[in-house]
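# Chain and residue survey
Here are the chains, one letter per residue:
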Amino acid sequence: MTNEIQPYRVQIPQADLDDLHERLRRTRWAPELPGTGWERGVPTRYLRELATYWADGFDWRAQEAVLNAYPQFTTTVDGAQVHFLHVRSPEPDATPLLLLHGWPGSVVEFLDLIGPLTDPAAHGGEAADAFHLVIPSLPGYGFSGTLPGTGWTDGRTAAALAELMSRLGYDRYGVQGGDVSAFIAPLVGRAAPDSVIGVHVNGLLTFPGGDPAIMGSLTEAERARLAGMKDWQAKLGAYMQVQGTRPQTVAAALHDSPAGQLAWIVEKFKDWTDPAAELPEDAVDRDRILTDVSIYWFTGTAGSAAHTYYERFNDFTMWAPKERGTVPTAVAVFPTDFSVRPLADQAHNVVRWSQFERGGHFAALETPDLVITDLRAFFRSLG
């Protein structure tokens, strides 16, 4: 590893592909209880069909070519390797923008945004809305590889990403992030307040505070969102507790079994996408889902990513009271989100609040058009 910025290409050895296919074909499938469905987890009948396609129909090399169509690099920041796409706009005055994926995401989340954001004039937009894009694999995720040690909190990750932008020569830039990066993106703003011009987030979690006046002022819809978050934690939050408390245990299963890794991730594409979607691939293209799962499998980072949850759970600075952020912040709220504005206003300098009737937690994958439009409008408003 080196602090220098080195060119990178995705080149998975054929032996790794062959091993994946063999493991999938030799999977020992779990029996199902009669009359059960998604309410108890991923049905074996669905998982088996998807795994068969992964082994015999999915073209990894084609997806690899899609990734390699964009300039990619690696560098070492704070002892960790960081992989990133760096796609500059043809517009020389474009605004630099750091795009941060979540879990169980990867750089694949943003592929449909690259063309419209870097070259809006070629996609029905205005040249003034152009961005230079930096799209990293979060430390410990995907092509960034496993973490070099413990202590990689969200704050440390944010500082490393701010250093990456500085190393690239960007002293004025925006940040976008969803899921766990809805935590990380604002922390980049706190790490580099003189450089970050705005933060755009989706999937922002807002927690009840101790101010009775604020809690008493919540609308019925806002109270319903808080109740929905509590219900989500009770019924769908098991993955978070496992990764946040025993990451190495779940790593043993996910690192050895591609069918297990597939189930662990595809469940989220069912639970978190637009409620109107009956199956995961009704919300997100099946090949995109499998590309994302394949990245975790080939890089062996399921466990490393899980360890970042442990760090988050055990980082006292993460949950300690802190001063309200100063960087202008936009919050995009999709149907599966639980964001409540009065609570968001307590922690962030919220200047834009957008609510959408379609899409879900994987917004950039499900409704890239809405994300693109909201990003353009937000950063345009900042001048």
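Counting of residues starts from 1 at the beginning of each chain's written sequence and follows it residue by residue. Given that the model is predicted, a residue must reach a pLDDT of at least 70 before its local features are reported, and side-chain atom pairs must reach 80 or more before they are shown or counted; all residues, however, enter totals for whole chains, interfaces and linings. In computing side-chain properties, one takes all heavy atoms of the structure into account and sets aside hydrogens as well as water.

### As for the nonpolar core
For our purposes a nonpolar core is just a set of buried Ala, Val, Leu, Ile, Met, Phe, Trp, Tyr and Cys residues, chained together by side-chain atoms within 4.5 Å. A simple rule labels every residue: compare its accessible area, found with a 1.4 Å probe on the protein chains alone, to the largest value its type can have, and call it buried under 20%, exposed over 50%, or partly exposed in between. Within the largest apolar cluster, 114 residues are counted, with the highest numbers of intra-cluster contacts made by Trp 54, Leu 100, Leu 117, Tyr 173, Val 175, Val 188 and Leu 262. For this core, the element with the most residues is helix H13 (residues 286–299), which contributes 7 residues. Discounting chain neighbours no more than four positions away, the residues touching Tyr 173 are Pro 96, Ala 162, Met 165, Val 188, Ala 192, Ser 195, Val 196, Ile 197 and Gly 198. Numbering of helices and strands starts at the N terminus; helices are DSSP runs of H or I of at least 4 residues and strands are runs of E of at least 2. For this analysis, residues touch if any pair of their heavy atoms sits within 4.5 Å.

### Overview of the pairing of strand S4 (residues 95–100)
Taken residue by residue, a regular strand's side chains alternate between the two faces of the sheet. Counting buried residues in S4 gives 6 out of 6 residues, a clear majority hidden from the surface. Every second residue of S4 is oriented toward a common face, with Thr 95, Leu 97 and Leu 99 on one face and Pro 96, Leu 98 and Leu 100 on the other, all of them buried. In this structure, S4 lies alongside strand S5 (residues 131–136), joined through 4 bridges in parallel fashion. From the neighbouring strand, Leu 98 faces S5, where its bridge partner is Val 134. Once you follow S4 into helix H4 (residues 111–118) and on to S5, the crossover reads as right-handed. Summarising the sheet, S4 and strand S6 (residues 173–178) pair through 4 bridges and their orientation is parallel. Opposite Leu 97, over in S6, you have Gly 174 as the bridge partner. Pairing between two strands is assigned when DSSP locates at least 2 bridges connecting them. Throughout, right-handed denotes a crossover for which the path from the first strand over the helix to the second runs clockwise when the strands point away from the viewer.

### Here's the deal with the environment of Val 77
Its place among the elements puts Val 77 in strand S2 (residues 72–77). Residue Val 77 is classed as buried on the basis of its relative accessible area of 2%. Separated by 83 residues in sequence, Val 77 and Ala 160 place their C-alpha atoms 5.9 Å apart. Among residues more than four places away in sequence, those in contact with Val 77 are Val 82, Trp 152, Ala 160, Glu 163 and Arg 167.

### Focus: the UniProt feature "domain: Epoxide hydrolase N-terminal" (unreviewed entry) in the protein
UniProt positions are given in the numbering used here, feature names are shortened, and annotations may be inferred rather than shown by experiment. Mapped onto this numbering, the UniProt entry annotates "domain: Epoxide hydrolase N-terminal" (unreviewed entry) at residues 5–110. Measuring from the first to the last C-alpha atom of residues 5–110 gives 22 Å, for a span that is 32% helix and 22% strand.

### So, the pattern of salt bridges
Salt-bridge detection follows one rule: a side-chain nitrogen of Lys or Arg within 4 Å of a carboxyl oxygen of Asp or Glu. With the rule as written, the count across this model stands at 17 salt bridges. The shortest N-O distance in the salt bridge between Asp 154 and Arg 312 comes to 2.7 Å. Remark: Arg 312 occurs in helix H14 (residues 302–313) and Asp 154 occurs in helix H5 (residues 154–167); sequence separation between them is 158 residues. Taking the relative accessible area as the measure of exposure, Asp 154 reaches 3% and is therefore buried.

### What about helix H3 (residues 60–68)?
Listed in full, the buried residues belonging to H3 are Trp 60, Gln 63, Glu 64, Leu 67 and Asn 68. Buried residues in H3, looked at end-on, bunch into an arc of 140°, giving them a common side. Buried positions along H3 lie against helix H1 (14–25), S2, H4 and H13. Of the residues that open H3, the one with a side-chain oxygen 3.2 Å from the backbone nitrogen of Arg 61 is Asp 59. Along the arc lie the directions from the helix axis toward the C-beta atoms. Polar contact is the term for a pair of N or O atoms within 3.5 Å; when the atoms are in protein, one must be able to donate a hydrogen and the other to accept it, and sequence-neighboring residues count only if both atoms are side-chain atoms.

### Here's the deal with the packing of helix H2 (residues 44–56) against helix H11 (residues 258–271)
Two measures define how a pair of helices packs: the angle their axes make with one another and the distance between the axes. Axis definition: a line fit to C-alpha positions, over the contact stretch in the case of helices; interaxial angles, taken between N-to-C directions, run 0 to 180 degrees. Running from N to C, H2 and H11 point in directions that differ by 115°, and their axes come no closer than 10 Å. As for the relative orientation of H2 and H11, their crossing is right-handed in sense. The segment H2 lies against H11, with Tyr 46, Leu 47, Leu 50, Ala 51 and Trp 54 engaging Pro 258, Ala 259, Leu 262, Ala 263 and Val 266. Residues were grouped as follows: Ala, Val, Leu, Ile, Met, Phe, Trp, Tyr, Cys and Pro as nonpolar; Asp, Glu, Lys and Arg as charged; and all remaining residues, including Gly, as polar. Partitioned by chemical class, the residues of the contact of H2 with H11 number 10 nonpolar, no polar and no charged. With the far helix as reference, a near helix turned anticlockwise by less than a right angle produces a left-handed crossing, and one turned clockwise produces a right-handed crossing.

### Some remarks on the packing of aromatic side chains
Two rings from Phe, Tyr or Trp (for Trp, the six-membered ring) form a pair when their centres sit within 6.5 Å of each other. Planes less than 30 degrees apart are called stacked, planes more than 60 degrees apart edge-to-face, and all others tilted. This model, assessed by the stated rule, comprises 19 aromatic pairs. An angle of 5° between the planes, with centres 5.2 Å apart, marks the rings of Trp 103 and Tyr 239 as stacked. Here the residue Trp 103 occupies a position in the loop between S4 and H4, and Tyr 239 occupies one in helix H9 (residues 238–245), the gap between them amounting to 136 residues. For the pair formed by Trp 103 and Tyr 239, the shared burial category is buried. The structure contains a cluster of three or more aromatic residues connected by ring pairs, namely Trp 103, Trp 232, Tyr 239, Phe 269, Trp 272, Tyr 309 and Phe 362. A cation over an aromatic ring shows up here: Arg 286 above the ring of Tyr 53, its NZ or CZ 5.3 Å from the ring centre. Positioned over the ring face of Tyr 309 is Arg 312, at 4.8 Å from the centre of the ring. Only Lys NZ and Arg CZ are tested; either one counts as a charge over a ring when it is within 6 Å of the ring centre and within 35 degrees of the ring normal.

### Things to note about the pairing of strand S9 (residues 349–355)
Note that strand S8 (residues 328–333) and S9 share 6 bridges and pair parallel. Residue pairing in the sheet places Pro 328 in a bridge with Asn 349 of S9.

### Here we look at the sheet that holds S8
Across a sheet, paired strands are connected by hydrogen bonds in the backbone, their directions being either parallel or antiparallel. The strand order S1-S2-S3-S5-S4-S6-S7-S8-S9 describes an open sheet built from 9 strands, whose pairing is mixed. Bordering the open sheet on either side are strand S1 (6–8) and S9, each of which pairs with just one other strand. Within this sheet the neighbouring strands show an average axis-to-axis angle of 25°, counted without direction. Taken strand by strand, H4 contacts strand S3 (80–87), S4 and S5, and its axis lies near 160° from that of S5.

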